[in-house]
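Breakdown of the fold
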Amino acid sequence: MEAGQMIRGADAVIKAIAAHGVTTVFGYPGGAIMPIYDALYGSPVEHLLSRHEQGAAFAAVGYARASGQTGVCFATSGPGATNLVTSLADALLDSVPVVAITGQVSTAVIGTDAFQEVDVLGMSLSCTKHSFMVTHVDELVPTLYKAFEIAASGRPGPVLVDIPKDVQIAMLEYKTPLQAVTQEPEHTPEQINDARELISQAKQPMLYVGGGVGMASAVDQLRDFIKVTGIPSVATLKGLGSITIDTPGYLGMLGMHGSKAANLAVQECDLLIVVGARFDDRVTGRLASFAENAKVIHLDIDAAELGKLRLPEVAIAGDLRQILPALTQNLGEQFAPWQAKVAQMKQEFQWRYDRPGELIYAPAMLNRLAHKLPQDSVVACDVGQHQMWVAQHMFFNRPEDHLSSAGLGTMGFGLPAAIGAKVARPDACVVVVSGDGSFMMNVQELTTIKRKRLPVKILLVDNQKLGMVKQWQQLFFEERYSETDLSDNPDFVKMASAFDIPGRNIYKACDVEAGLDEMLNSQGPFLLHVSIDDAHNVWPLVPPGASNQDMMEEMDKQT
Amino acid sequence: MNNYSLALNVQQRPEVLERVLRVVRHRGFKVANLSMQLNSNNSTSIDMLVHSEREIGLLTNQINKLIDVIDCRVLLSSPTAELVQQKG
């Protein structure tokens, strides 16, 4: 473009997005965002049409989580923008970098209750890291640059930019703004010394690894730290994949549905090293008795998390890629007795898959799936019992290979997130593991798969129940099964075929191998519908308000 | 119940007060008194008296995270005076 050349605001939006390396955006057009869609037409930025704005924003989340790049979604004013709220809240709670661009009615009619007008800025206050309304075309490009910078820096998160229609058609001279220099918190040598000292004094230290490790791209530093120190470890739902399952002393997930070994070992530790995690209630159980006798070292990019729920002995806000190497030290055989004890717990409480009977046992099936997946794979989960079974019984090479709605626990997340992941990593094998309840929440996105012939594999785990709620009704509500029966589900394979997606049903344990192979070996998208025993629940389970060592164990019964 | 007097310096944006008040409410604090003044340097001063059973650090840490907040100080607090927070 020549200096002084004027372009429309809408064209500047696309140009600014492309300047940030974004090659695909997800969205749904409408009246107030038409100029931006017009600018998109024929531009180098690709667009994937979702069939609901929630699906578009979840696809942007999946794109971001699978690739580490910022995801972008578009929606129109009013209902388009309100439909983004759930996905943005999901991105906020899981710290996912997303930029959402919404059309708004023209500035002249804002505040008059115009057609499809909603106070999107007001609405966004509680579901985004930050949000903007651009009221003048001169602010447009600097605001977009700031939005990308805020979304990806520090603790990442969703940012919304609301752009009135008149700003989209106003002319401007495009100038690349100066990049803001983000000031990240810096650790001090004293903090590092204090933390090193605590580690060297510990006898039974434990690493509690959260999603922050993946978000900070600090997986390699974490793995080095574990290798050199030999400190045993557990992970949160979002931390899964940060540590490989064959790592000595790694006990898998902790918390409400964590492994018995993970929860017991954490309760016994004398030093808890919290890395990119935040003491979520699903992790800690009863907070007052969580790792009760442990001192705490808390490492996080977000200073507001330090001391929020548990006062640490040492708190360090900053970049894990620098902090972890600074804390790495070889303490020889100091932890050998503890390592041996942890190894024994791991052995004693390992998962068992040798279940008798003809019916399909989902944990065993998911464990088989994990063994069959190629190295470069992404598993996008929905929310419910199947999600916890995936977390317990599958394993991941990297955190970006496991997409799960952790903080918000949003049903309907899996299918659109998988679509975003497939766009971000076209060479990866992308599998959605969904449940019959969750799948229906964004089932319209099957059209998105059809449209682009995206080879996304769908493993639908069906117990004809809203399983997790049913489990709680069974355990804590005197078996009063209020509205959790989903036995009037549609014929899912027939439904998939309406979207030109082939599929098949399996009902028996002996059909699992062939079913998984058919799904994974199929060329395009595929739906494997798996009917499981509706008596199976997720075990162990730490009841609400209980301490993590007081897990309830297997007590499945037919409902 | 603890009372805290907060002094905030924030960017002049139409929604900034709303942003701050949302966090105050959501984090479990109640505004007892509030005054706001636009400054000539494009900033705005907000003085607030809030009360809550909760520690003020929970609130000031979250307010400091807001992009539009330049700094947030606790001027007076009862009974814990050592929890003064300042944005660097």
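The structure we're discussing is the one just above.
Bear in mind the structure is a predicted one, so any value in this text is a computation, not a measurement.

**Re the overall build of chain A**
Each helix and strand counted, chain A has 23 helices and 20 strands in total. On C-alpha atoms alone, chain A measures out to a radius of gyration of 24 Å, which is about the 24 Å that the 2.2 N^0.38 rule sets for 559 residues. Along the longest, intermediate and shortest principal axes, the C-alpha atoms of chain A span 70 × 60 × 40 Å. Residue burial in chain A is summarised as follows: out of 559 residues, 60% are buried. The contacts of chain A with a sequence gap of at least 6 include a subset with a gap of at least 24, amounting to 75%. Of the roughly 21,600 Å² that chain A leaves accessible, carbon and sulfur atoms contribute 51%. In chain A, 43 side chains carry a positive charge and 63 a negative one; their mean positions are 4 Å apart.

**Some points on the sheet that holds strand β3 (residues 46-49) of chain A**
Residue and element names in this part refer to chain A. Across the sheet, which stays open at both edges, the 6 strands sit in the order β3-β2-β4-β5-β7-β6 with parallel pairing between neighbours. The open sheet has two edge strands with one neighbour each: β3 and β6 (130-133). Mean inter-strand twist for the sheet, computed between neighbouring axes without regard to direction, equals 20°. Examined bridge by bridge, strand β4 (residues 71-75) and strand β5 (residues 98-104) share 5 bridges and lie parallel to one another. In the strand pairing of β5, V72 is matched with V99. Taken strand by strand, helix α1 (residues 9-19) contacts β2 (24-27), β4, β5 and β7 (158-164), and its axis lies near 160° from that of β4.

**Quick notes on the interface of chain A and chain B**
Taken residue by residue, the interface counts 15 residues in chain A and 11 residues in chain B. Summed over both sides, the interface between chain A and chain B buries roughly 1,100 Å², with carbon and sulfur atoms accounting for 57% of that surface. Together, L125, H130 and A304 of chain A form the three largest contributors to the area buried by chain A at its contact with chain B, with a combined 45%. For K65 of chain B, the salt bridge is made with D302 of chain A, and the minimal N-O distance between the two is 2.6 Å.

**Examining the pairing of strand β18 (residues 457-462) of chain A**
It is a general feature of regular strands that their side chains alternate between the two faces of the sheet. All names here are of chain A. A large share of β18 lies buried, amounting to 6 of its 6 residues. Burial of the side chains of β18 extends over both faces: K457, L459 and V461 are buried on one face and I458, L460 and D462 on the other. Pairing analysis gives 5 bridges linking strand β17 (residues 429-435) to β18, with the strands arranged parallel. Looking at β18, one finds that G435 is bridged to V461. Taken together, the 6 bridges between β18 and strand β20 (residues 526-531) define a ladder with parallel strand orientation. Bridging across to β20, K457 finds its partner in F526.

**Description of the side chain of T247 of chain A**
All names here are of chain A. With respect to the helices, strands and loops of the structure, T247 is situated in the loop between β10 (233-235) and β11 (250-253). T247 gets classed as buried once you look at its relative accessible area, which sits at 15%. Polar side-chain contacts of T247 include one of 2.8 Å to the backbone oxygen of T244. Excluding residues that lie within four positions of it along the chain, T247 makes contacts with I226 and K346.

**Regarding the pairing of β3 of chain A**
Residue and element names in this part refer to chain A. Sheet analysis places β2 next to β3, joined by 4 bridges and oriented parallel. Across the sheet, residue V25 finds its bridge partner in β3, namely H47. One crossover worth recording links β2 to the parallel β3 by way of helix α2 (residues 34-40), and it is right-handed.

**What to know about helix α3 (residues 53-67) of chain A**
Residue and element names in this part refer to chain A. The terminal C-alpha atoms of α3, which comprises 15 residues, lie 21 Å apart, in line with the 21 Å expected from a rise of 1.5 Å per residue. The buried fraction of α3 amounts to 14 of the 15 residues, a majority that puts the element mostly inside the structure. Phi turns positive, to about 80°, at G68, one or two residues after α3.

Parameters and conventions
Residues numbered from 1 in each chain as written. Chains lettered and ligands numbered in written order. Predicted model: local features only at pLDDT ≥ 70, side-chain atom pairs only at ≥ 80, totals over all residues. Heavy atoms only, no water. Helix = DSSP H or I, 4+ residues; strand = E, 2+ residues; numbered from the N terminus. Rg over C-alpha atoms; globule rule 2.2 N^0.38 Å. Buried < 20%, exposed > 50% of the residue type's maximum accessible area, 1.4 Å probe, protein only. Contact = heavy atoms within 4.5 Å. Areas by Shrake-Rupley, 256 points an atom, 1.4 Å probe, with all protein chains shown as cover. Lys, Arg positive; Asp, Glu negative; His and termini not counted. Charge placed at Lys NZ, Arg CZ, Asp CG, Glu CD. Pairing = 2+ DSSP bridges. Axes fitted to C-alpha atoms, helices over the stretch in contact; angles between N-to-C directions. Buried area = accessible area lost by both parts, 1.4 Å probe. Salt bridge = Lys/Arg side-chain N within 4 Å of Asp/Glu carboxyl O. Polar contact = N/O pair within 3.5 Å; in protein donor to acceptor, adjacent residues only side chain to side chain. Right-handed = clockwise from strand over helix to strand, strands pointing away. Expected span 1.5 Å × (residues − 1).

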